[in-house]
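Residues per chain, in single letters:
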Amino acid sequence: MDARTQISGEAWCEAYGRSGRGALRRAARRGLGGLVACVLLLLGTLFATSASAAEIGTDYSGGAFQILAPGAEGGFFIGPFSTDQGTLYDALTPLQGKVNAKKLELDYLNEKFGVQGSVLRTEATGKAGLEILRDSHDIPHVYGANREDVMFGSGWVAAEDRGLLLALGLGPAFAAADDVPGINPFGLLLQARSFTPSAETFKFVAEQEKVLFEQGPKGEQVLKDLENWAEGINAYEASLGEHRLLPPVNVVDAIAGFAFIGSIFGNGGGGEVGNSQLLANLQSKFGEEDGLKVFRDLKEVNDPEAPTTATTPFPYDTVPTGPTPGAAVIDPGSASSAALKAETALKASRRKASNFLLAGSGHTANGHPVAVMGPQLGYFYPEIVMQADLHGGGIDAQGVIAPISPYVFIGRGRDFAWSLTSAGSENTQDFLEQLCNPDEETEGPPTRKSTHYLYKGECIALVERDAGELGAHGSEPAREIHFMESVHGPIQGTVTVKGAPYAIAKDRATRGREPAGELAFSEMDSNEVHGPQSFFEAANHLETTFNMAYLDGKNIAYFSTGRLPVLAPGTDPSLPTFGTGEYDWKGFLTLEQHPHEVDPAKDVFTNWNNKPAPEWGAASDNYSYGPVHRVQLYTGFTTGMTEASDASIMNRAALQDLPALKDWPIIREVLAHGSAPSALAQEVVNSINSWVEAGASRLGTVEPKAAGAAAMDAVWTPIGEAVLSPVLGNLLPEFRSMVSPDDAPSAQGSAYDSGWYGYVSKDLRSVLGQPVEGAFSRGYCGGGELSSCAQSLWTAIQSASEAEEAIQKGREVSKWRANKVRITFPPGLIPRFTMRWTNRSTFQQVIEFTGHEGPYESLCAKAASC
């Protein structure tokens, strides 16, 4: 190959490496010679040894594996690394609970530090002291002579691998940072709908840089990191010339982007007005006392039967025991359409399905803890995170990066690893601002249109905010967005309380201080965590609300994060708080008050967005902390475990049907106290029985027991309605809207009310006369009478069976098949690639450590309760 061809080939390879691979497509129209040269170069590098790199910190991991579906690439055009990991991810699914060590090596990628095996290519960044190597799956390994180089490199690869995502998401990120009412920022990204922040919104975000200075030298270091990261993005974009995707990026964009991730996965609460409306309707139906009792039954704020991750109680936001003059019950039906729209947008923006399974040293064959863990981010292309390996200037970290931040935020260090699941704890609350008119003698009494409110005895003005411009979408034109704001936050709409008008203000504890949480990941990445206690201290910097898992070669630990407010006496965490000033927040939880634990007696930590700890109250928008939760599917922890054993527990549970395994046995007991109304109803029950006895797997639709899955899909919702409707009656639809569905197997194929798991279990056990902790205030199914309950369930099954028989075109029950659901990747750039349905982390680590840098940290040196 002559020099001219060599240069041409390198140019082609460089073009291929650019965001969206669009430059390659354009160059292809100019001839194939360079393309052939590029292919030859790539083939040559596949068999080359690794290039020299900056010194990597000692890697103390044993087996270390990772996977991210669908793949590392994220551009407009599909490349060889767009779906390669998705293919591996999909291959693990049919193994169910039979994962072995060989399959870990085949169906995961290596997560050891450095390039393992061949180097695909070396990035030409033009920056001295920076080397970026691409491994055989196109994952970047960034090596810097100093910290500035590493952060620059992190920005460079973010622009290269997720430039399209940044182009779509940076505008909506400002809407998230400002909590613009009625807007779902993540929905804007999926719609490729623009949001252009106003100068006022930009300034609001930019001023948050001061939060980092308030954190001292470590905060100032984060600011420098963000500046270097932005420089890296801009340098990569400049290398694209006229084909660049992004305008110049700066620190302000990073701050907004960090808020964006928090708005999807790291906030909880803000459902108080919806709860208040439900309570008002219940009290209108049952009276004040009984209506409140039914509301407490449904809310399950502190159900003693709820499975928890920690075993130590951490009391927070439980049901108040005394008078609550600061809590508001709104007038039935008084919530404005704007308020309802804002609450719907808030719910739609949040996602919860991440998980971790940590087995301590007492469970494992080699005496070192093992973990299978990762975030369920949804399945998208481009995926909203990216893999990277960062080294240099004191940094050693590998895992996933949200491309709006330079740090590995879920991953591993030299001798420890960590992960996150959404905790959904109460960091957001609805305050009701009593509207007033400054001069009622001339203006008359206040109305919903009044622009002043009472605060600390004064009638003060709401502030009008110019948010920015929401771009056109479909038939909807572009429009300017303005909103009003009080001292507590953006106004969502209005309600009335005893006929008086109130404005709803949403107060989020992290609003206006978004970048503070970056300190947590800076410390994780910078070799500043040496054991559980320093992990707790780093995790406590994260102000959004997550469950954080940790393991090293000796310990497992857990911490639940968040800047969580201490509510004033006389308020109710489930209901709106009057915003007059006397009921404002009274500070925030300390590290010691957050759920945290090290090496529990059970020697296991599991979490699937379940309740963090005993006596930890469910946030106002959370109706899932009942006696049945998907985390209970994680069973089978034994002695002599390996990484493959842990992965087997995860992979089996990812395919199992929760109500079939946890609710159906109780339903079956109740049905035994009645009689089947037809042979069809009995056949349907028999098919479910057989399927449950076989393990209730959702894998495929052609197995002999698959009829039970179709039958369960048909009868589950009618059974839930039969249990609750005798009491709730016409309020059942409203309650169903309050319960956010989990990611149930048939969620894409039918109405599968996963939030009803606990209500069915607790009520039916009470009807059967079985022991129940935290029993409901009354019997729901059959009015609490067993034979009536059994008959109502049989009637529901009969009706549902007849309807399903028609859908199944009259086939006998044994030949019924459930909807075949495949995982797809919105917004639709890779329509031909799908995967089998599974409820598994989007990014997943399987990891253990067999050594440690220096002596293990002394446990609880600074925290008596850990």
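You'll find the structure just up there.
Remember, it's a predicted structure, so these values are computed and weren't measured experimentally.

### Focus: the overall build of the protein
Okay, step 1: Check the secondary structure of the protein and you find 25 helices and 27 strands.
Okay, step 2: Counting all 866 residues of the protein, 62% fall into the buried class.
Okay, step 3: Relative to all contacts within the protein whose residues are 6 or more apart in sequence, the contacts with residues 24 or more apart total 74%.
Okay, step 4: Of the accessible surface of the protein, which amounts to about 30400 Å², a share of 54% is contributed by carbon and sulfur atoms.

### Here's the deal with the sheet that holds strand S6 (residues 195-197)
Okay, step 1: Spatially, S6-S16-S17 is the arrangement adopted by the three strands of the open sheet, whose pairing is antiparallel. With partners counted over all chains shown, the strands left at the sheet margins are S6 and strand S17 (479-485), one partner each. With strand direction ignored, the average angle separating the axes of adjacent strands in the sheet is 35 degrees.

### A few points about the packing of helix H22 (residues 706-728) against helix H24 (residues 757-767)
Okay, step 1: The N-to-C vectors of H22 and H24 enclose an angle of 50 degrees; their axes lie 10 Å apart at closest approach. By the criterion of interaxial angle, the relationship of H22 to H24 is oblique. The two elements H22 and H24 meet at a crossing, and its hand is left-handed. Listed contacts from H24 to Trp 716, Gly 720, Val 723 and Leu 724 of H22 are Tyr 757, Tyr 759, Val 760, Asp 763 and Leu 764.

### Quick word on the nonpolar core
Okay, step 1: Among the nonpolar cores identified, the biggest contains 104 residues, and Trp 664, Phe 735, Leu 764 and Leu 793 are the most heavily contacted of them.
Okay, step 2: If we ignore the near neighbours within four places in the chain, the residues touching Phe 735 are Leu 278, Leu 298, Tyr 623, Leu 724, Leu 728, Trp 756 and Tyr 759.
Okay, step 3: Core analysis: the second largest hydrophobic core is formed by 91 residues, Leu 130, Leu 226, Ala 467 and Phe 559 among them.

### Comments concerning the pairing of strand S15 (residues 458-461)
Okay, step 1: The pairing of strand S14 (residues 452-455) with S15 spans four bridges and is classified as antiparallel. The partner of His 452 across the bridge, within S15, is Ala 461.
Okay, step 2: Linkage of S14 to S15, two consecutive antiparallel strands, is achieved through a turn of two residues, within which Lys 456 is found at a positive phi near 55 degrees.

### What to know about the state of the cysteines
Okay, step 1: Across all of its chains, the model carries two disulfides by this definition.
Okay, step 2: In this model Cys 436 forms its disulfide with Cys 459; the gap between the sulfur atoms is 2.0 Å. Sign of the S-S torsion, about 105 degrees for the bond between Cys 436 and Cys 459, identifies this disulfide as right-handed. Here Cys 436 is found in strand S13 (residues 428-436), whereas its partner Cys 459 is found in strand S15, with 23 residues between them in sequence.
Okay, step 3: Judged by relative accessible area, Cys 459 falls into the partly exposed class, the value being 28%.
Okay, step 4: For Cys 781, the disulfide goes to Cys 789, at an S-S distance of 2.1 Å. Residues Cys 781 and Cys 789 are joined by a disulfide whose S-S torsion is about 95 degrees; by sign, that bridge is right-handed. A single burial state applies to Cys 781 and to Cys 789, both of which are buried.

Cut-offs and rules
Just so you know, the residues in each chain are numbered from 1, in the order the chain's sequence is written. Confidence filtering applies because this is a predicted model: local features only for residues at pLDDT of at least 70, side-chain atom pairs given and counted only at 80 or more, and all residues used for totals across whole chains, interfaces and linings. Water and hydrogen atoms were dropped before computing side-chain values, which therefore reflect all heavy atoms in the structure. By the criteria applied, helices consist of DSSP H or I runs no shorter than four residues and strands consist of E runs no shorter than two, each listed in order from the N terminus. Exposed residues in this analysis have more than 50% of their type's maximum accessible area, buried residues have under 20%, and partly exposed residues fall in between, with area computed by a 1.4 Å probe over protein chains only. Working rule for contacts: check all heavy atoms of both residues, and any pair within 4.5 Å makes them a contact. Computed by Shrake-Rupley with a 1.4 Å probe, the accessible areas treat only the displayed protein chains as cover when residues are assessed. Here a strand pair is declared whenever DSSP counts at least two bridges between the two strands. Axes here refer to lines fitted to C-alpha atoms; in helices the fit is confined to the stretch in contact. Angles between the N-to-C directions go from 0 to 180 degrees. Working definition: roughly parallel below 35 degrees, roughly antiparallel above 145 degrees, roughly perpendicular at 65 to 115 degrees, and oblique for all remaining angles. Should the near helix be turned counterclockwise from the far one by less than a right angle, the crossing is left-handed, whereas a clockwise turn marks it as right-handed. For this analysis, a nonpolar core means a set of buried residues of the types Ala, Val, Leu, Ile, Met, Phe, Trp, Tyr and Cys, connected via side-chain atoms within 4.5 Å. The disulfide criterion is simple: two cysteine sulfur atoms within 2.5 Å.

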